[in-house]
Structure formats: structure tokens, C-alpha cells
Amino acid sequence: MTPPLKISPELQKRASQIQILLMDVDGTMTDGGVTLVSQPDGSALEIKTFDAHDGQGLTLAHTAGIRTGCITGRESGALLRRAQEMSMEFIYMKRAVKIPAYEEILRKTGVPESAVAYVGDDLPDLPLMRRVGLAVAVGDAVPEVKKAAHFTTQAVAGRGAIRETVEFILKAKGIWEEMIDKARA
């Protein structure tokens, strides 16, 4: 998929400790596009496109015992369905400010910040990225997010960045090969 990366021991240690993987949605799980289709009644139908490789990555994370979730500013029935299909445990929508949802997840789980990874792409993700043990920027994130990240994916938003993040974490834990054998559709 992507060439092997040179990983520092410090980054390897950060990734190996991850128990929870959280992410933004638009611009991470999707390419950031929000398609709205006008309906005869004046409402709009929202369309989101999710990547199958990202889905496989989330399935592998779940199989490996990593808890997953999303914190996003938008509300979306499409996201809710995808998150349920991917067995995501934490789904927070309509969160213009993400820290309260993040702190609620920490309280509920008792997991230390050092065991949480977060994938972001834009400015509203920065406060959360500055707190987690492993901050990940997607390949086409804004410069400020890339600067705040411990790791930046080669893949861009909605095109395998979540999968690359999961692979990175599972390889750091030394369980990637084992997870390959447990992959399921």
C-alpha cells in the first residue's frame, strides 16, 4: 500500500499504547465534500462517501480491541449508519467544540490521554490533538494540523487515511501480521 516509514522509538511507543482511536469525520473519514441534494419538499438530502479501505481498517481496529469513535461538528444520518456498521463505540455529532465530548469519553472509559489517538484535518481539531497521546493529521490536512501532529498519513482524507492510521498503530503494537489473518469482510 505505502512504502515503509522510518519511525522514531518515541513515535513507536506512542502508537503502541493506543487503546482508543477517535476521529473527525468530514475531511478525515470523508474527502471533506458535503453533497446536498434538494428535495421536492424543500429539505436537502446529504450524501457522504466513505472509503472501503478505511472501513476495513476500522474493522481491524475493533478486532484488535481498539475502541473507536468520532467527534464531529455536523449531524448526519449517513455518518450514524456508517459508525454503527463499523461498531464505533463513541459517536458525538453537532459538537462545534470537541473537548467536552473528549473529556466525557475519558471519564467513561478511565483511559489515560496517552492511550488515545485522534485523527484530524482542520483547525477545530487542534485543541484535541494537543492533548492526545497520538495526534494524527491526514495527508491533506491544513498546515497547522500537520504541525501539531505526531504522525501525518501519506493517504489523504476519505482515501485510506484512517486505514493507514490503524495499520500504523497495529504495527507499533506488533500485531499487524496477526490481524491480517483475522481480516473479515
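Everything here concerns the structure above.
Report follows, based on the coordinates. Source: prediction; values computed, not measured.

1. Notes on the packing of aromatic side chains
For step 1, the next point in the chain: One pass over the structure, following the stated rule, counts one aromatic pair.
For step 2, the next point in the chain: When the centroid spacing of 4.0 Å and the interplanar angle of 0° are considered together, the rings of F151 and F168 count as stacked. Placement of the pair is F151 in strand β8 (residues 151-152) and F168 in helix α7 (residues 161-172), with a sequence separation of 17 residues.
For step 3, the next point in the chain: Classification of F151 by relative accessible area gives buried; the value is 5%.
For step 4, the next point in the chain: What makes F168 buried here is its relative accessible area of 10%.

2. As for the pattern of salt bridges
For step 1, the next point in the chain: In the structure shown here, the tally under the stated rule is 15 salt bridges.
For step 2, the next point in the chain: Here D26 makes a salt bridge to R74, at a shortest N to O gap of 3.8 Å. Residue D26 is located in the loop between β1 (20-23) and β2 (35-38), and its partner R74 is located in the loop between β4 (67-71) and α3 (77-85); the two are separated by 48 residues in the primary sequence.
For step 3, the next point in the chain: Given the relative accessible area of 14%, D26 is considered buried.
For step 4, the next point in the chain: Taking the shortest distance from any N to any O, the salt bridge between D125 and K98 comes out at 2.7 Å. Placement of the pair is D125 in the loop between β6 (116-120) and α5 (126-129) and K98 in the loop between β5 (90-92) and α4 (99-109), with a sequence separation of 27 residues.
For step 5, the next point in the chain: Among the residues examined, K98 registers a relative accessible area of 5% and is labelled buried.
For step 6, the next point in the chain: Shared partners join several salt bridges into a network, and the residues in it are D26, E46, K48 and R74.

The rules behind each value
Residues numbered from 1 in each chain as written. Predicted model: local features only at pLDDT ≥ 70, side-chain atom pairs only at ≥ 80, totals over all residues. Heavy atoms only, no water. Phe/Tyr/Trp six-rings, centres within 6.5 Å; stacked < 30°, edge-to-face > 60°. Helix = DSSP H or I, 4+ residues; strand = E, 2+ residues; numbered from the N terminus. Buried < 20%, exposed > 50% of the residue type's maximum accessible area, 1.4 Å probe, protein only. Salt bridge = Lys/Arg side-chain N within 4 Å of Asp/Glu carboxyl O.

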